[in-house]
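Descriptive structure summary
So you can see what is in the structure, the chains are spelled out below.
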Amino acid sequence: MKKTWIFIVLGLVVVAAIVVSLVFLLGDSEDGEEGRSISVSKVSYTKVTGMRIKKDGNVIDIVRTGDGWEYRNNKDAELDQDSMEAALTMVCYLYAKEKLFDAVEDLSVYGLDDPVMQVEIDLNDGTTMTFGFGAYTSARDGVFMKYSGSDAIYVYDLDSYSILERAGRALRDLSIDIDADKLVKIEIMRTSGPRVPITMEKIPEGASVGLETWMLSSPFTAIANAQAVSLVQTFFAAPRYSAFVSDEEAGVYGFGDSSAYIYLEEAGGKSVRILIGDRTDSGRYYCMEEGRDGVYELASGFEALLEMETPNIIPSALFPVTTEQTADVFITMGEVSYELLEKDGGYALNGRMLTKETVDKLYTYLSELTFSGIAGETDMSSGPEATIRLKRGGNELTYGFHRYMNDFYAVELNRSGTVSGYIKAKNLAILISAFAEAAQPAS
């Protein structure tokens, strides 16, 4: 019997503890003490037709469509639907830690005269609700907040504000407004080496002599390697940044006066210049776009562009011809000269008609003459020792061969005053000997 009374007493104590706890918790909710306990406003998210998030001078403008959400002025840009729903939930069901005042005269004291972040939602009845988030509280455990349906000032808890901030960052438009298929100019300042850009320009249609499609104008004049151009086009085939990092550069991301960059220009003049900063812990690059606020990340792999080696910016072969893609050829070396011209459906060398076998042999020699490396500083004051011109229609390429060290020639294109690669002197000698042999009358 005594044990029974002990169990009854213990049970009453437990029940009393539960009741006290419930009263405490309910009282906490009603009085609006700690936690997100005050319901400030509620609106069904199904009534929302649009949302704008304004922060640090940037505006994210989003509208509802039948398939979800999209940027108002960029319907094709990819938008993080989950982040949109997260942001919408935070303002449709708005709670606060506490209510400070029913109204105040000076909103600037709370950073709400010009809110740090402002969220506007458009409703299907044509009205708009505005939520402003201002300065941190003195304890930095929340931010001051007000909304358009009330003059009251609230404290919004920091965790909720962080969720809203993160959603806003994820909703930033990451698209890059450039079309890789329309590029006519590419310029890359690499992350290391001489501060001289790689500049490639597309050759206008009908202005080529042979197979060349792009020309280099920096760091020297040469035919551009089509594979280097293709690499750029591949990286920007779906042009977008990998992630948004920060609204402000703040001097911590490695940008400077001589930053690396990627410049892309379309036919018609539209262009984008992307400044390159330091690398992230994951190896990606921080970047900024001229004329656009914020710091972003490039996708993985961009080091292939930003650390491109100079030998890879020119093709291995000097001449853009083959046995099928031919051009008139003019060779001068000392007192010797040769002219290989298309004539009467065939080809004549110094006026002598050649067999197709001989013609194919000469164009094969031309197509197989390759660079041995990139030339350094070269004395060009005495002029080239040999010149080879390719001509087709009204288009022309002129190659000058300057003595380079003892056994090589540095190659100058179109009398630019710059040399690109160098070739073995014996290979040029073999080419010219083949023309000399073909020019000899049959015995």
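Reading the values: the criteria
Residues numbered from 1 in each chain as written. Predicted model: local features only at pLDDT ≥ 70, side-chain atom pairs only at ≥ 80, totals over all residues. Heavy atoms only, no water. Helix = DSSP H or I, 4+ residues; strand = E, 2+ residues; numbered from the N terminus. Rg over C-alpha atoms; globule rule 2.2 N^0.38 Å. Buried < 20%, exposed > 50% of the residue type's maximum accessible area, 1.4 Å probe, protein only. Areas by Shrake-Rupley, 256 points an atom, 1.4 Å probe, with all protein chains shown as cover. Lys, Arg positive; Asp, Glu negative; His and termini not counted. Charge placed at Lys NZ, Arg CZ, Asp CG, Glu CD. Contact = heavy atoms within 4.5 Å. Polar contact = N/O pair within 3.5 Å; in protein donor to acceptor, adjacent residues only side chain to side chain. Salt bridge = Lys/Arg side-chain N within 4 Å of Asp/Glu carboxyl O. Expected span 1.5 Å × (residues − 1). Arc of directions from axis to C-beta. Axes fitted to C-alpha atoms, helices over the stretch in contact; angles between N-to-C directions. Parallel < 35°, antiparallel > 145°, perpendicular 65-115°, else oblique. Left-handed = near helix turned anticlockwise from the far one by under 90°. Pairing = 2+ DSSP bridges. 1 Å grid on protein atoms, 1.4 Å probe; cavity = no way out; pocket = protein on both sides within 12 Å on 5 of 7 lines; lining within 4 Å. Points joined across faces, edges and corners; volume = space filled by probe spheres on them. Nonpolar A, V, L, I, M, F, W, Y, C, P; charged D, E, K, R; others polar.

It is worth spelling out the overall build of the chain at this point. When its secondary structure is counted, the chain shows seven helices and 28 strands. Expected size for 443 residues packed as a compact globule is a radius of gyration near 22 Å; at 35 Å, the chain overshoots this value by more than 25%. Residues classed as buried in the chain amount to 43% of the 443 residues present. Of the roughly 23200 Å² that the chain leaves accessible, carbon and sulfur atoms contribute 49%. When the 40 basic and 67 acidic side-chain charges of the chain are each reduced to a single mean position, those positions are 3 Å apart.

Attention now goes to the environment of Glu265. Along the chain, Glu265 turns up in strand β16 (residues 260–266). Each C-alpha atom, one on Glu265 and one on Val184, is 5.9 Å from the other, the two residues being 81 residues apart in sequence. What Glu265 contacts, discounting residues up to four positions off in sequence, is Lys182, Leu183, Val184, Lys185, Lys270 and Ser271. At 2.6 Å, the side chain of Glu265 and the side chain of Tyr263 are in polar contact.

Evaluated as defined, the whole model comprises 17 salt bridges. Of the charged contacts, one joins Glu303 and Arg279 as a salt bridge, the two residues approaching to 3.3 Å between their closest N and O atoms. Placement of the pair is Glu303 in helix α5 (residues 303–306) and Arg279 in strand β17 (residues 271–279), with a sequence separation of 24 residues. A relative accessible area of 29% means that Glu303 is categorised as partly exposed. Overall, Arg279 belongs to the partly exposed group, its relative accessible area being 38%.

An α-helical turn contains 3.6 residues, so a residue and the one three or four places further along point in the same direction. In this model, helix α6 (residues 356–367) (12 residues) spans 16 Å end to end at C-alpha, consistent with the 16 Å of a helix rising 1.5 Å per residue. Residues Val359, Leu362, Tyr363 and Leu366 constitute the buried set of α6. One face of α6 carries all of its buried residues, which in axial projection span an arc of 95 degrees.

For the bond running from Ser218 to Pro219, omega is 10 degrees, close enough to zero to count as cis. Within the element layout of this structure, Pro219 appears in the loop between β13 (214–218) and β14 (222–223). The phi dihedral of Asp344 is positive, around 50 degrees, even though this residue is not glycine. With respect to the element layout, Asp344 can be found in the loop between β21 (336–343) and β22 (346–349).

You can see Ile62 is positioned in strand β3 (residues 58–65). A sequence separation of 302 residues divides Ile62 from Thr364, and the C-alpha atoms of the two residues are 59 Å apart. Dropping the residues within four chain positions of it, Ile62 is found in contact with Gly50, Met51, Trp69, Glu70, Tyr71, Arg72, Leu79, Met84 and Leu171.

Moving on, we come to the packing of α6 against helix α7 (residues 425–439). A pair of packed helices is captured by two measures, namely the crossing angle of their axes and the spacing between those axes. Running from amino to carboxyl end, α6 crosses α7 at an angle of 165 degrees, the nearest separation of the two axes being 9 Å. Taken together, the axis directions place α6 and α7 in an arrangement best described as roughly antiparallel. Note that α6 runs across α7; the crossing there is left-handed. Seen from α6, the contacting residues are Thr358, Lys361, Leu362, Tyr365 and Leu366; seen from α7, they are Ile430, Leu431, Ala434, Phe435, Glu437 and Ala438.

This brings us to the pairing of strand β20 (residues 328–333). With six bridges connecting them, β20 and strand β25 (residues 386–392) associate as antiparallel partners. Considered in β25, the bridge of Asp328 is made with Lys391. The loop that links β20 with its antiparallel partner β21 comprises two residues; one of these, Gly334, has a positive phi angle of about 65 degrees.

Next up on the list: the sheet that holds strand β15 (residues 243–246). Note: strands within a sheet are paired through backbone hydrogen bonds, in either parallel or antiparallel orientation. One open sheet holds the nine strands; their spatial order is β14-β13-β12-β11-β16-β17-β18-β19-β15, and the pairing between them is antiparallel. Sheet topology places β14 and β15 at the edges, where each strand pairs with a single neighbour. Relative to strand β19 (residues 295–297), strand β18 (residues 285–289) is paired through two bridges, and the arrangement is antiparallel. Directly across from Cys287, in β19, lies its bridge partner Tyr296. Its contacts with the sheet place helix α4 (residues 226–235) against β11 (183–189), β12 (198–202), β13 and β16, and it is angled at close to 90 degrees to β11.

The next subject is the layout of surface pockets. One number sums up the size of the largest pocket: a volume of about 310 Å³. Broken down by element, the residue count for the lining of the largest pocket peaks at four residues, all from β3. Of the residues belonging to the lining of the largest pocket, the class tally is four nonpolar, four polar and six charged.

Scanning all chains against the criterion turns up one cavity of 30 Å³ or more. Lining the largest cavity are Thr221, Ala222, Ile223, Pro315, Ala317, Leu318, Phe371, Tyr399, Val411, Glu412, Leu413 and Ser420. Elements represented by at least two residues in the lining of the largest cavity include exactly β14 and β27 (408–413). For the lining of the largest cavity, the element with the most residues is β27, which contributes three residues. The residue inventory of the lining of the largest cavity, partitioned by class, reads nine nonpolar, two polar and one charged.

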